[in-house]
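Observations on the three-dimensional arrangement
One-letter residues, chain by chain:
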Amino acid sequence: MIVKRKCWVSNLQFLGFSCKEGVNLIARGKNKRWGICYLCGKEGIVTDDHVPPQCLAPLADDAIFYKLPAHESCNNALSVHESRFRDFVVSASKDGVREAENAFENMQRNFRRRGNEEQSGFLNRDFFRLYENIEQREGYTPGGIYVGPVVGIKPAQDLDYKSVLTKIARGLHYHHNGAIIPDNYDVYADFLFSDFERHATHMQHLNITGQMGDFFAFRGTSAKDEPKSGIWYMCFYRSVIGMVGFRQPKELE
Ligand SMILES: [Zn+2]
């Protein structure tokens, strides 16, 4: 396959196309093209990465996602964690959001997947990952009002939710500010389970805002004089809020 592709490229070069144009022509059908990856910032063959991950709303209209150029390897690097992330936010979200229900069905299908555990009468690992992480915690409304202890789900140990939140925020930052976050930047990423009042005050000052169906909404901005620094609040299924901040490292200021 690779040999054939090389041959095509050299034929195209012979016909007067450059190597990059050749790659673009061959790859057009798969939406592959030559470009700069929004995740690593390097040039190469890129395809469309859905932001946020499509697994959050598998039946939603494809057109509402941002499609950003990424190497297939950079795009796929977190796919296992993206599906665990989906399991977590769906489980932690309120009822009545259609996209959450669609994603929930996918999650259940995943739980019923054939496996050794199922044959011996148990559900698979993904189920236990959620089950083991059910906890009682202090509950707050989105406005920050204390509602007493509630049963919640905390992210599992083997879910790298911070990287998933960061990847989505990198996508928002690239789409809205045109900036790729350098590797050496300080990144803060976490879910917000409390302290809503303080964050709500910050959120009012953020000028970029958007909504995709009922499954994803965001609010953010970049720093005035430093477009690669910024902050993003993301809300999943109108229930779970994550926050990511990018900042130029102190030594470079
Ligand atoms: Zn890349």
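Before reading further, recall that the structure is shown in the block above.
Residues numbered from 1 in each chain as written. Predicted model: local features only at pLDDT ≥ 70, side-chain atom pairs only at ≥ 80, totals over all residues.

What follows covers the sheet that holds strand 8 (residues 216–223). With antiparallel pairing, 5 strands are arranged side by side in an open sheet as 6-10-9-8-7. Each edge of the sheet is formed by a strand with only one pairing partner; in this case those strands are strand 6 (186–192) and strand 7 (208–212). Here the average twist between neighbouring strands, direction ignored, is 15°. Relative to strand 10 (residues 240–247), strand 6 runs antiparallel, the two sharing 7 bridges. By the bridge assignment for strand 10, Asp190 is matched with Met243. (Pairing = 2+ DSSP bridges. Helix = DSSP H or I, 4+ residues; strand = E, 2+ residues; numbered from the N terminus. Axes fitted to C-alpha atoms, helices over the stretch in contact; angles between N-to-C directions.)

With 40 residues, the main nonpolar core has Val89, Phe215, Trp232, Met234, Phe236 and Tyr237 as its most contacted residues. Breaking this core down by element, the ones donating at least two residues are strand 2 (43–51), strand 3 (66–70), helix 4 (79–92), helix 5 (98–112), helix 8 (161–177), strand 8, strand 9 (226–236) and strand 10. Element by element, the count of residues in this core is highest for helix 8, at 7 residues. Ignoring any residue separated from it by four or fewer positions in sequence, one finds Phe236 in contact with Leu56, Val89, Ser93, Phe215 and Phe216. (Core = buried A, V, L, I, M, F, W, Y, C linked by C-beta atoms within 7 Å. Buried ≥ 20, exposed ≤ 12 C-beta atoms within 10 Å, placed from the backbone. Contact = placed C-beta atoms within 7 Å.)

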